Amino acid sequence: MWTSTLELSSRRVIPTRLLGVVWPGAYFASFAPLQVQNLPRQTLPATNWVRVRNRLAGISGSDLGLIYSAGDFRIALAALPRHQLSYPGHEVVGEVIQVGDDVQYLHVGDRVVLQSGPNCVSTGAQPLCRSCAIGNYNLCERGSSLSGPEPIGGGWSEEMLLHEQQLFRIPPAMSDEQAVLLEPSAVAVHAVLRRLPQPGENVLIIGAGTIGLLTLQVVRALVPQAIVSVMARYAYQIEQATRMGAAHILYPQDSYQSVARATGAQLYTGMFGNKMLIGGYDVIYDTVGSQQTIHDSIRWTRAGGTVVIVGISLHTMRIDPTPIWYQEIDLTGTFSHGMETWPIGTYGRRSTFAIAAEMIENRQVHPEKLITHRFALNNYREALSTATAKPRTQAIKVVFDYALLPASVVPNVRAAARQRRPITTTATWPQEHRHDQEEPTWPTPPDEHFIPPTVLEAPEPEPVIASMPTPQDEMIEAEPIVMPAPAPQDEIIEAEPIVELMPAPQDEIIEAEPVVELMPAPRSEVVEIEVDQSLISTREDESPTIRRSVSKPRRTRPRSQKTTVDVQTPGETITNSTGTNHDADTLK
């Protein structure tokens, strides 16, 4: 199956970053962290795991940051123990095609999305950490120290092997295009619920990518009375934000003046271009998370306001924290999703995924409108370039569509040959053929390896003596021919050809026509017939004749005149009484 892996080791990251400065193709080279290969399928590592065949998978900004090695080894996360090898692609929808014996909640045919990474529940760790105990699995406190089997494959793979707890079953009415963006929709829901705006408050969303536009939709759905501004970089992003209900558009070129106009704040300018606002936005959702956007966000927030950092940056930063204490600003972080207080104003608890799925079903959020490009996984270079070069491609969400993979590069997904076992009600993915565990079926298809058949629980057949007169009335002793017993129910099946010739009615020498025919007898029997050696046809384009005469009596000759004929299976050597060797294949 096609599988993408990401190895964030120094031996791959450092040379890739150095060469990437002058050669962009370094990020797709054989030494780069990202590798896309066609690898053999793996078996389920545990009985409570499932196999998912992916349908659509998105490319997120965090994926691009890892692929292009846009990180700093000095950040706090780099100090944590972690597994260097991972599988990219967390925005994914697929179909369950195999379940383990102990799976309880999922069934073959269910459509699912990836909800969480490995955690206490999926690995069986006891006792559960505080985060996992309340359902915030992405904040698992055991993190990289978890033991047990690890997931195989991610969104950028044809298949994923995961613990069932890591998956979320989507409603039947939800389309694949909506489902593939359920995870980023949950990220937006989680960010908004970290600080829900109040009616009439001024809200700013920095960034108009996938997360920024989804955050705009969530705010408009939950608090339609809020006044929402969006800061966008490109014209096509401004167009999308306007369509989705943005009241104001801010441009990076005159951001401080735009904030002052939109909120009525007072702008002050000091030395060296230093600027500060008194007043500003009540809530700011920073979906970029860069040093510049965080620096500006805490200066654009009114006293007592909140900045929610949604975007991810893997760099160290130098930020002036004085507005945080001077204006008593709440600086809040958010990471993915978890459990929320829902419905709003109650003490109920519900997963972020369930809330986001409900909003999509109710047509409050329309994530499918953000998909702009589709690619096959084996065309991943163009897909990643398209997602990166947004000014040129005008991309918002780029997805891998596994329906675009040609059949020749989709191994182990489509059924091959015919079923050799009876179909049962157990819904599992077909495994590789095991000839040593299957009943022999003749003839063997040309794409399968031939295993000589064996008949179980049947007596060993007695030899059949076949003989016919030769043109010179010379008789040779025939060697035994072992005939396999027929099927118990006299089923009509194709059998390997056995050479047996019918005597001519008036001792005339005629050439028998090749016919493939079974000998349906309840058990093997010894039949003495006579063989006319000249009747053995060697036509190359036909199979040897198999026929038994039942309408005329057998002719007998004295045993002293018999000639022995050794009829062998194809590929063996035949030796007659004259000492001449014949290849058995020439008898066909």
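Rules used throughout
Residues numbered from 1 in each chain as written. Predicted model: local features only at pLDDT ≥ 70, side-chain atom pairs only at ≥ 80, totals over all residues. Heavy atoms only, no water. Helix = DSSP H or I, 4+ residues; strand = E, 2+ residues; numbered from the N terminus. Buried < 20%, exposed > 50% of the residue type's maximum accessible area, 1.4 Å probe, protein only. Contact = heavy atoms within 4.5 Å. Areas by Shrake-Rupley, 256 points an atom, 1.4 Å probe, with all protein chains shown as cover. Core = buried A, V, L, I, M, F, W, Y, C linked by side-chain atoms within 4.5 Å. Pairing = 2+ DSSP bridges. Axes fitted to C-alpha atoms, helices over the stretch in contact; angles between N-to-C directions. Parallel < 35°, antiparallel > 145°, perpendicular 65-115°, else oblique. Left-handed = near helix turned anticlockwise from the far one by under 90°.

J.: Got a sec to walk through the overall build of the protein chain? Specific residues and values, please.
T.: A count of helical and extended segments in the protein chain gives 14 helices and 22 strands. By residue count, 46% of the 588 residues in the protein chain fall in the buried class. Taking the contacts inside the protein chain whose residues are at least 6 apart along the sequence as the reference set, 70% of them involve residues at least 24 apart. Split by element, the accessible area of the protein chain, about 30,800 Å² in all, is 53% carbon and sulfur.

J.: Requested: an account of the nonpolar core, with residues and values cited.
T.: Residues Leu 182, Leu 222 and Tyr 285 are the most contacted members of the largest nonpolar core, which totals 55 residues. Going through the elements one at a time, helix H6 (182-194), strand E9 (202-206), helix H7 (210-222), strand E10 (227-231), helix H8 (235-243), strand E14 (281-286) and helix H12 (352-361) are the ones with two or more residues in this core. Among the elements that take part in this core, H6 stands out by supplying 8 residues, more than any other. Within the second largest apolar cluster, 33 residues are counted, among which are Val 96, Val 103, Tyr 380 and Ala 395.

J.: I'd like a rundown of the sheet that holds E10, residues and numbers included.
T.: Here 6 strands make up an open sheet; going across it, the order is E11-E10-E9-E14-E15-E16 and the pairing parallel. Of all strands in the sheet, those with a lone pairing partner are strand E11 (248-250) and strand E16 (330-333), marking the two edges. The mean angle between the axes of side-by-side strands here comes to 20°, regardless of whether they run parallel or antiparallel. Of the pairings in the sheet, the one linking E10 to E11 comprises 3 bridges and is parallel in character. Considered in E11, the bridge of Met 231 is made with Leu 250. Running at roughly 160° to E11, helix H9 (residues 255-263) makes contact with E9, E10, E11 and E14 of the sheet.

J.: Just give me the short version of the packing of H6 against H7, but keep the residues and values in it.
T.: One can describe the packing of H6 onto H7 by two numbers: an axis separation of 8 Å at closest approach and a directional angle of 55°. Our classification of the angle between H6 and H7 gives oblique. In this structure, H6 crosses over H7, and the sense of that crossing is right-handed. Every residue of H7 that contacts H6 at Pro 184, Ser 185, Val 187, Ala 188, Val 189, Val 192 and Leu 193 is listed here: Thr 210, Ile 211, Leu 214, Thr 215, Val 218, Val 219 and Leu 222.

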